[in-house]
Amino acid sequence: MQCRYRRLFSAVLLTLPPMAALADEVITTPDVRVVSAKFQPMPSLINVDLERVRLAFLRANTSDTASMLADPPGISLYRAGGVSSLPAIHGMADDRIRIKVDGMDLISACANHMNPPLSYIDPANVESVKVFAGITPVSLGGDSIGGTIQVNSAAPEFAEDGKTLVRARAATFYRSNNDARGVNLSATVAGDTLSVRYTGSTVEANNYRAGDHFKAAGLAATYGRGWLDGDEVGSSAYKAQNNALAFALKRDNHLVELKLGVQHIPYQGFPNQRMDMTDNDSRQINLRYTGEYDWGSLQASAYHEQTRHSMQFGDDKLYWYGKAHNVAGMPMETEGRNTGLTLKGDVILSERDTLRVGAEYQRYRLDDWWDPVANSMMMGPSQFQNMNNGQRDRYDVFGEWEARWNPQWISQLGLRSSTVKMDAENVQGYNTMMYNAAAAAFNAKRHARTDDNIDLTALARYTPDAGKTFEAGYAMKTRSPNLYERYIWSNSNSMVMNMNNWYGDGNGYVGNLNLDPEVAHTFSITGNWHDAAQQNWSLQITPYYTHVEDYIDAVACTSVYATCPTRTDGFVNLSLANQRARIYGADVTTKVALGGAGGYGSFGLRGALSYTRGKNTTTDDELYNMMPLNLKLGLEHHLGSWSNTLQARLVDAKTHVQTVRKELQTAGYGLLNFYSSYEWKKVRLDVGVENILDKHYGDPLGGAYIGQGATMSSGATAPQYGTAVPGMGRSFNTSLTLTF
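Nothing here was measured: the structure is a model prediction, and the numbers come from that model.

Draft legend 1. Highlighting the overall build of the protein. Across its full length, the protein carries five helices and 37 strands. In terms of overall size, the protein behaves like a compact globule, its C-alpha atoms giving a radius of gyration of 26 Å where 740 residues would be expected to give roughly 27 Å. Projected onto its principal axes, the C-alpha positions of the protein cover 75 × 60 × 50 Å. The burial tally for the protein puts 59% of its 740 residues in the buried class. A fraction of 70% describes how many contacts in the protein between residues 6 or more apart in sequence connect residues 24 or more apart. Of the roughly 28,500 Å² that the protein leaves accessible, carbon and sulfur atoms contribute 57%.

So, in structure tokens, the structure goes:
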């Protein structure tokens with residue numbers, strides 16, 4: 001521990017001499033805007049701005065892009081790997097949310113969803129974020145019921161006529177708790193019509209530590225595995241590398257962009273999964289066009305993304321199995337191929353009316369196979385086909401009419417039609433003795449499915465005067481099942497079922513060919529009160545209610561299959577079925593400018609309160625992974641180029657848990673964080689202390705701790721049911737950014 005602190009203080013001291021020589025000119029960092037709102041492109045009521053100061057300290061304190069969304073109300077995180085958290089909007093996460101990265105609809109190519117869309121962009125490369133919660137315009141999201149997240153990297157920059165622009169940024173950071181360290185670079189060279197930009201980042205971290213011991217110290221696993229202290233969270237280390245090259249060509253009102261991206265993650269541990277990521281390689285090509293015309297604007301894009309993904313046991317999980325300990329691991333391989341086309345036009349019909357029309361196409365292919373393992377009767381002699389040429393093609397068209405009736409009233413109506421075609425080829429198990437019955441039953445059924453889905457939104461806003469605004473809306477949103485939900489076929493044994501788990505609850509799952517699309521009906525109203533200039537104070541309250549027909553939830557295997565293997569380790573084997581659910585809650589945000597204090601700068605206070613409750617109305621069970629009541633308060637201080645934030649996070653006990661999954665309860669807790677930054681002409685320094693009091697707590701959405709031991713066994717050395725993944729203990733963070 002002392003060694004880590006010495007590294008931190010040394011890094012800070014080394015930055016002081018060059019900073020002293022720089023003039024007091026503030027650098028410019030792009031804004032990030034989080035919009036949990038309704039209308040686009042008109043300004044949104046539910047609008048939380050992450051100013052450049054806030055964005056900069058987020059970059060300094062996380063390598064997980066999803067974590068940048070932790071502050072706005074109504075958004076929570078399913079914690080997973082170090083760069084792979086899953087954002088949840090009003091209790092709905094993962095494939096229930098439409099996530100676009102630079103306009104691409106990315107899909108997780110993994111049976112454990114270890115490579116979600118936001119893991120493909122490093123926080124250092126994020127320029128803007130928009131989150132549309134609940135009632136999302138049809139022009140911004142289909143095939144989702146929870147909302148839409150749009151993340152974009154930096155827009156292209158161009159020089160003045162006849163000149164050349166050269167700009168660069170380099171940053172390095174260190175976070176003490178898990179020895180997280182890394183660098184990121186960006187460089188732009190541009191003329192008045194052509195711009196070229198390179199971005200690169202690398203990060204590496206060890207296991208993180210909780211605020212206190214939450215388990216016994218000892219060997220992570222037998223047969224050559226390492227030692228873990230009682231407060232060390234096994235399987236939480238990671239390393240990630242991202243590189244991208246962007247070209248842009250501008251002429252008059254037309255812009256063409258070509259982005260090429262490469263990602264390599266050599267390892268990423270998962271404390272709530274029985275396997276770890278041992279390799280993830282992604283290649284992306286993204287071509288976009290934007291044009292402005294007399295009649296409006298036109299946008300077109302085409303992209304292709306290919307992912308090659310591997311899972312095995314990391315350093316903290318048992319690798320050698322079998323009586324003679326000669327069975328080497330359990331390799332899992334995945335390849336995903338994702339191609340998309342989008343065409344969208346904004347047509348100005350009149351000063352009052354705007355029409356948005358568009359079409360989208362997405363073609364997705366997925367192969368998931370497990371090679372045979374030498375010396376294993378259970379995992380051989382043939383290859384296990386978990387998903388054989390899974391196919392998911394989506395065809396969408398939409399139209400949206402926005403009308404500004406007068407300065408007080410604005411309305412928006414939208415309709416989207418979506419056709420989702422899915423299929424998968426026949427499968428086989430490791431051998432016929434153990435897997436033939438399940439494979440034969442799956443192969444005998446018709447696999448092709450076609451869903452014809454409809455989305456509908458109706459929204460209205462009323463602004464009676466400069467001090468208040470009200471809006472209300474209704475949305476019907478539809479989502480078809482993902483490939484894993486429909487086509488995971490084997491209920492032969494717990495080992496295979498454990499390998500298919502994208503929930504982080506430690507249970508085993510088998511899919512259901514007969515799943516229907518989810519249809520969500522959401523009602524929401526918002527009231528916003530503020531001073532006329534919207535500078536001194538504001539109060540915003542948003543209650544919402546969602547009823548979901550055919551909600552896809554976990555059920556006992558007997559509801560879908562005749563039997564699944566019984567278990568003795570405290571966990572359960574489950575399947576999926578359509579049921580009914582309701583989700584309701586409220587978000588409250590407030591901001592107050594406290595004024596200045598002489599020569600000590602200005603002060604302000606921010607607050608965000610969120611409450612979400614979910615219920616399965618078919619079974620009267622709770623819904624899984626609902627964030628408890630939580631409050632975030634921040635006292636902010638600004639003095640010239642110096643900014644400080646003292647932040648408190650208060651979370652209620654999680655007592656409403658889902659019985660069928662044996663979801664774990666967690667106690668309530670409070671965290672205290674402090675962040676400080678100072679900017680010079682060429683340099684920005686960020687320092688921070690997170691979890692100042694080194695509080696130990698169970699993460700309400702972190703899932704079950706299965707990060708060490710014989711994770712595919714049920715004996716004494718296997719993970720034991722009943723431990724929640726703990727949150728991170730105290731960490732001293734620092735980041736240094738140089739601009740040229």
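Draft legend 2. Structural context of the side chain of Arg-684. Mapped onto the fold, Arg-684 is located in strand S36 (residues 683-690). Accessibility expressed as a relative area gives 2% for Arg-684, which makes it buried. Side-chain polar atoms of Arg-684 contact the side chain of Glu-679, separated by 3.0 Å. A polar atom in the side chain of Arg-684 sits 2.7 Å from the side chain of Asp-686.

Draft legend 3. Just the state of the cysteines, in detail. The tally for this structure, following the rule as stated, stands at one disulfide. Note on cysteine connectivity: Cys-557 is disulfide-linked to Cys-564, with sulfurs 2.1 Å apart. Measuring the twist about the S-S bond at about -80°, one finds the Cys-557-Cys-564 disulfide to be left-handed. Just as Cys-557 is buried, Cys-564 falls in that class too.

Draft legend 4. Representation of the sheet that holds strand S5 (residues 92-93) within the structure. Strand order in the open sheet made by the three strands is S3-S4-S5, with antiparallel pairing throughout. The outermost strands of the open sheet, each flanked by one partner alone, are strand S3 (75-78) and S5. In this sheet, strand S4 (residues 86-89) lies alongside S3 in antiparallel orientation, the contact comprising four bridges. The residue of S4 that forms the bridge with Ile-75 is Ile-89.

Draft legend 5. Focus on the packing of aromatic side chains. Enumeration according to the criterion identifies 23 aromatic pairs in this entry. With a centroid separation of 5.9 Å and 80° between ring planes, the pair formed by Trp-401 and Trp-405 is classed as edge-to-face. Residue classification places Trp-401 among the partly exposed residues on the basis of a relative accessible area of 30%. Residue Trp-405 is classed as partly exposed on the basis of its relative accessible area, which comes to 42%. Relative to Trp-529, the ring of Phe-470 lies with its centre 5.7 Å away and its plane at 80°, an arrangement referred to as edge-to-face. Here Phe-470 is found in strand S26 (residues 468-479), whereas its partner Trp-529 is found in strand S28 (residues 518-530), with 59 residues between them in sequence. Among the aromatic residues, those joined into a cluster by ring pairs are Trp-370, Phe-384, Tyr-430, Tyr-435 and Trp-489. A cation over an aromatic ring shows up here: Arg-274 above the ring of Phe-571, its NZ or CZ 4.8 Å from the ring centre.

Draft legend 6. Spotlight on the pattern of salt bridges. Scanning the model with the defined rule gives 44 salt bridges in all. Glu-157 is the partner of Arg-167 in a salt bridge, and the nearest nitrogen-oxygen pair spans 2.5 Å. Note that Arg-167 is positioned in strand S10 (residues 165-175) and Glu-157 in the loop between strand S9 (147-152) and S10, a separation of 10 residues in sequence. On the basis of relative accessibility, which here comes to 25%, the residue Glu-157 falls in the partly exposed class. A salt bridge links Arg-181 to Glu-204, with the shortest nitrogen-to-oxygen separation between them at 3.9 Å. One end of the pair, Arg-181, is in strand S11 (residues 180-190); the other, Glu-204, is in strand S12 (residues 194-205), with 23 residues separating them in the sequence. For Glu-204, a relative accessible area of 26% translates into the label partly exposed.

Draft legend 7. Here's a closer look at the pairing of S9. Of all six residues that make up S9, five are buried, and the element is covered over most of its length. Pairing analysis gives five bridges linking strand S6 (residues 97-101) to S9, with the strands arranged parallel. For Lys-100, the partnering residue across the bridge sits in S9 and is Gln-150. Examined bridge by bridge, strand S8 (residues 128-133) and S9 share six bridges and lie antiparallel to one another. Across the sheet, the residue bridging to Lys-130 is Gln-150, located in S9.

Draft legend 8. Representation of the layout of surface pockets in the model. Of the pockets and cavities examined, the second largest pocket occupies roughly 980 Å³. Lining the second largest pocket are 34 residues, with Gln-150, Asn-152, Arg-288, Thr-290 and Gln-299 positioned closest to its centre. Secondary structure elements with two or more residues in the lining of the second largest pocket: S8, S9, strand S16 (254-268), strand S17 (276-293), strand S18 (296-312), strand S21 (332-348) and strand S22 (353-370). In the lining of the second largest pocket, the residues fall into 10 nonpolar, 12 polar and 12 charged.

Draft legend 9. Examining unusual backbone geometry more closely. The peptide bond linking Gly-380 to Pro-381 adopts the cis configuration, its omega dihedral lying at 5°. Positive phi outside glycine occurs at Asp-102, with the angle close to 50°. With respect to the helices and strands, Asp-102 occurs in the loop between S6 and strand S7 (104-105). Asp-102 sits in the buried class, given a relative accessible area of 9%. Here Ser-235, not a glycine, exhibits a phi torsion of approximately 60°, which is positive. Its location among the elements puts Ser-235 in the loop between strand S14 (227-228) and strand S15 (238-251). On the accessibility criterion, Ser-235 (4% relative accessible area) is buried.

Draft legend 10. Local environment of the nonpolar core. Of all hydrophobic cores here, the largest spans 60 residues; its most connected members are Met-275, Met-330, Met-387, Tyr-487, Met-495 and Met-712. Setting aside its immediate chain neighbours within four residues, Met-712 contacts Arg-274, Met-275, Phe-313, Tyr-321, Met-330, Met-495, Asn-498 and Met-499. Counting residues in hydrophobic clusters, the runner-up holds 25 residues, among them Met-68, Ile-99, Val-101 and Leu-106.

Draft legend 11. Structural context of the sheet that holds S6. One open sheet accounts for four strands, arranged S7-S6-S9-S8; its pairing is mixed. Of all the strands in the sheet, the pair left with one neighbour each is S7 and S8.

The rules behind each value
- Residues numbered from 1 in each chain as written.
- Predicted model: local features only at pLDDT ≥ 70, side-chain atom pairs only at ≥ 80, totals over all residues.
- Heavy atoms only, no water.
- Helix = DSSP H or I, 4+ residues; strand = E, 2+ residues; numbered from the N terminus.
- Rg over C-alpha atoms; globule rule 2.2 N^0.38 Å.
- Buried < 20%, exposed > 50% of the residue type's maximum accessible area, 1.4 Å probe, protein only.
- Contact = heavy atoms within 4.5 Å.
- Areas by Shrake-Rupley, 256 points an atom, 1.4 Å probe, with all protein chains shown as cover.
- Polar contact = N/O pair within 3.5 Å; in protein donor to acceptor, adjacent residues only side chain to side chain.
- Disulfide = S-S within 2.5 Å.
- Pairing = 2+ DSSP bridges.
- Phe/Tyr/Trp six-rings, centres within 6.5 Å; stacked < 30°, edge-to-face > 60°.
- Lys NZ or Arg CZ within 6 Å of the ring centre and 35° of its normal.
- Salt bridge = Lys/Arg side-chain N within 4 Å of Asp/Glu carboxyl O.
- 1 Å grid on protein atoms, 1.4 Å probe; cavity = no way out; pocket = protein on both sides within 12 Å on 5 of 7 lines; lining within 4 Å.
- Points joined across faces, edges and corners; volume = space filled by probe spheres on them.
- Nonpolar A, V, L, I, M, F, W, Y, C, P; charged D, E, K, R; others polar.
- Core = buried A, V, L, I, M, F, W, Y, C linked by side-chain atoms within 4.5 Å.

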